[in-house]
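# Understanding the architecture of this molecule
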Amino acid sequence: VDRLDDISYGSGYAKHQIGGILRDVELVALPKLNFKQLYFETDLDENYQNAVLKVFYELSQTVDSELEIEVYDADNEVIARIIEVNPGVQGELLIQVDHPLKWDAEHPNLYTVVTSLKQNNKVLLVVPERIGFREVVVEGNKMLVNGHQVKLRGACRHDIHPLLGRMTTPEYDKMDVLLAKEANMNFIRTSHYPPSESFLDYCDEYGIYVEDETAVCFVGSHRTFDYQATGASQSDPEYHSWYMSQLEEMVNNHRNHPSVIIWSIGNESSSGNNFVESFKWIKENDTTRPVIYSYPGLVTDSLKIYDILSMHYPNWRGYYEDQHSISVSDFSYETMPVLFDEWAHVACYNTPTLKYDPNVRSFWGQSLDSMWTKLFEADGGLGGAIWCMLDETFMLPDTLTGFNEWWGKLDPQVIPATFMKPCVGYGEWGIVDTWRRKKPEFWGTKKAYSPTKILVKQLDDFNAGQELVLPVHNRFDHTNFNELKISWKFREKTGELDHVFLEPHQKGEIVIPGMAWNDGEELSICFFQNDTFLVDEYNIQLGTKRLEIPVCQKGEMKVDNQENIVVVQGKDFSLGLNKESGLLEDVVVGKDTLIKSGPYINLKIPGKQLQYSTIFMDDIAENWHCEDFNYELKDGILNVHTWGKSDSLSVEFHIKVDEKGTIITEYEIANAPEGKWIQESGLLFYTGNQFQKLAWNRNAYFTAYPVSDMGKPQGEVDLDEKPVMKYREYPEHDWSFDSKNFYYSGLTKELPFTNIARSMKENIYSFTLETRGNSKLRVVDNGAKACRFDKLNGECLLLINVQWDYNSLLWGNYMKEIKLEEKLRGVVVMEVL
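Keep in mind that this is a model prediction, so the values were computed, not measured.

### Considering unusual backbone geometry
- The omega angle of the peptide bond from Ser191 to His192 is -10°, so this bond is cis rather than trans.
- Within the secondary structure, His192 sits in the loop between strand S14 (187-189) and helix H3 (197-206).
- For the peptide bond that leads from Trp387 to Cys388, omega is 20°, which places it in the cis range.
- By the element assignment, Cys388 lies in the loop between strand S22 (381-386) and strand S23 (392-395).
- Not every positive phi belongs to a glycine, and His505 is a case in point at roughly 70°.

### Quick look at the side chain of Glu135
- Along the chain, Glu135 turns up in the loop between strand S9 (122-131) and strand S10 (136-139).
- Here Glu135 sits buried without a salt bridge, and the closest side chain of opposite charge, Arg134, lies 7.9 Å off (N-O distance).
- Side-chain polar atoms of Glu135 contact the backbone nitrogen of Leu44, separated by 2.9 Å.

### Looking at the sheet that holds strand S31 (residues 522-529)
- With mixed pairing, the five strands of this open sheet are ordered in space as S26-S32-S31-S28-S29. Of all strands in the sheet, those with a lone pairing partner are strand S26 (458-459) and strand S29 (493-497), marking the two edges.
- Of the strand pairs in this sheet, S31 and strand S32 (residues 533-542) are connected by eight bridges, and their pairing is antiparallel. By the bridge assignment for S32, Glu522 is matched with Gln541.

### With respect to the nonpolar core
- Among the nonpolar cores identified, the biggest contains 123 residues, and Leu152, Tyr209, Ile265, Ile305 and Trp343 are the most heavily contacted of them.
- Once you skip the residues sitting within four places of it in the chain, Ile265 turns out to touch Thr214, Val216, Leu247, Phe275, Ser278, Phe279, Ile282, Val291, Ile292, Tyr293 and Ile305.
- Listed in part, the 61 residues of the second largest apolar core include Leu603, Ile669, Leu769 and Leu824.

### Notes on the sheet that holds strand S40 (residues 637-646)
- With respect to topology, nine strands assemble into an open sheet ordered S39-S40-S41-S42-S50-S47-S46-S44-S45, the strand pairing being antiparallel. Edge positions in the sheet fall to strand S39 (624-634) and strand S45 (714-718), since each has one partner strand and no second. Neighbour-to-neighbour, the strand axes of the sheet open up by a mean angle of 15°, direction not taken into account.
- In this sheet, strand S42 (residues 662-670) lies alongside strand S41 (residues 649-657) in antiparallel orientation, the contact comprising eight bridges. By the bridge assignment, Ser650 is partnered in S42 with Ala670.

### So, the pattern of salt bridges
- With the rule as written, the count across this model stands at 46 salt bridges.
- When the shortest N-O distance is used, the salt bridge between Asp379 and Lys142 registers 2.7 Å. You can see Asp379 sitting in the loop between helix H9 (365-377) and S22 and its partner Lys142 sitting in strand S11 (residues 142-145), a full 237 residues away along the chain.
- Ionic pairing is found between Glu750 and Lys722, a salt bridge with its closest N-O pair at 3.6 Å.

Thresholds, definitions, all that
- Residues numbered from 1 in each chain as written.
- Predicted model: local features only at pLDDT ≥ 70, side-chain atom pairs only at ≥ 80, totals over all residues.
- Heavy atoms only, no water.
- Helix = DSSP H or I, 4+ residues; strand = E, 2+ residues; numbered from the N terminus.
- Buried < 20%, exposed > 50% of the residue type's maximum accessible area, 1.4 Å probe, protein only.
- Lys, Arg positive; Asp, Glu negative; His and termini not counted.
- Salt bridge = Lys/Arg side-chain N within 4 Å of Asp/Glu carboxyl O.
- Polar contact = N/O pair within 3.5 Å; in protein donor to acceptor, adjacent residues only side chain to side chain.
- Pairing = 2+ DSSP bridges.
- Core = buried A, V, L, I, M, F, W, Y, C linked by side-chain atoms within 4.5 Å.
- Contact = heavy atoms within 4.5 Å.
- Axes fitted to C-alpha atoms, helices over the stretch in contact; angles between N-to-C directions.

Listed below in structure tokens is the structure:
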């Protein structure tokens, strides 16, 4: 069981006491004569063509013996062999290997070295080991792999199993590596302890660079109360052997893995002698990899214990003004590579926002896209690692006793009570959940990290029958575009581009053969590696999307002025104008009530802050009071002018309705508290509860999304769909269709709709709610508004935002930062059909 003074802080991170055996254990019987150490280094020549394989060994005994070392290629052919008779108890052997295929994350070429230990012509021991011929060098403020500058696009990873907690299995290790590759990552930081052997095997096989981190975390820094008393061990000699033993074990066990390119000696800790000694030991024992450490700003200027600068959570614009006296700008650093091995923190602690609107997860992708685009161009910018790859939630058994005694313990200064027992942890900070289902952040990562970047979303300058020229950026490190399959589709025609030569890190063009291009249509382009692996896809808009925004037209409407209400009859609908509120009510088509009442002002700003990003929203326009209204029927169009107050805001509505059901609402807000940040600004309508379908068409941030992603440009969902979800059982559906959240909402609460239905749809062209009787309520716009449908406090409502933001993302993430002005205006167009 973890101790309170454990330098790993493992149980503190997990929010429950970690105990037991967390990984596979093997018992191996060895002969008396065996290897105490056996490791390999690959030394490439100055042209990176030929190599010397260096074999370092140490035997358990000094006896007459023989070593035979054979190097096998991927076809199981021996390409090099050496036999050493009476090699001595320890030594170094050199094997010349001509023209080996080099290993990098884009070409993970592996060889197998078989080392046989013999005595008296008898084979005592055979040790096979996979290796890769690669060389890692830091030159100035750049890192080179095999002579090529690399940029690390990655994420931090914890071991986590959906039922077993802080542990992993080979099956989950493989799943995580394949998910990382699918998300266009080439880098994983193993926070905050070394990974399993099988995880590194898969990184070797599929091509992932690894920052291998020893189990040292929050020493003398961010520990919760229970762990603070014995947490400052950084210079304590009693802990020296603890630091060194686990560091040596990590390096000696993992040094043969070509995927490991950086050693990390600790996370976010105060510097001290135990870290100095850790750095010295690595430099004395492994000169083939650089070392990183955080926080570097706490290291005394006279000491050097890192080769790469670690900085956490830069602003999305690329600067960090001061992290313990170190500053960076434009994602760059002059004297050494800077690696933001925690950045773009996934939404997690901002519980009120996550509960209110799941779209914050899709919005987050804009941060990463901007950050990676800027860092890729930055001199000295090595890369970044998203916090985090996997959700940090532990579904402990619901029968478990001891809550807030030995599990579920919180320190309000570090994290407020955001979770619902028995599901604990820091929160859903992953791009996939613990079951490895892809969340909206996964696609945002795949698009942002794309190494095949088309630099435009729309082409306005084209002629039918002529070639289309698209600007592109090759953001691979070792792959030329001529290694890819690039396919295109226009209408029913398809094709592939041949001989597209574009070197890594270069910008250029791809040319699509001439066709009968037409304004308003789309051209689809896909990039594949190895013919089948989808790197990225794009739907390029040709010209301007044709939009028809309805206007009120002359016609015939009937008005019946009753005591408390004005009843208006259109062609296929009726509505009421409430004389007390001055607003519309009971907008009915057939037997379906589409709008119960509205419009109301929706104006929300950030309010109470419990913790860094745990921020509640304040609704400053809740209580509507009508001061006066008037109406007239002119040319068959109903005109309503209403003014009053929403809380302290002065509000005017100008509403027009025609006989076909077009409703146009203009509003103006005065007396708003200037200088506040806007979270949402627009209109709210209370609706009927008979809607069964939701459909949308919008201008999405990315041009292509998976069919199940809630951020996709077009979609339709069944509002009654609620797949079965049981605690601690694998959900047989995509994350977007969850209607329960065991971490934030507990075991029993069911959300009114699925994530995909509840999430705000930004930049809409149309947003349509449809009843079983085929009656429709539709919002129409030119791509500048956002809509959301939900049921809150038992009432269905439609939100139509003219301005919106996610002010609780923080952690350096992108936010619009819209300042509230004294006056706000907007126009909303709707149809009832």
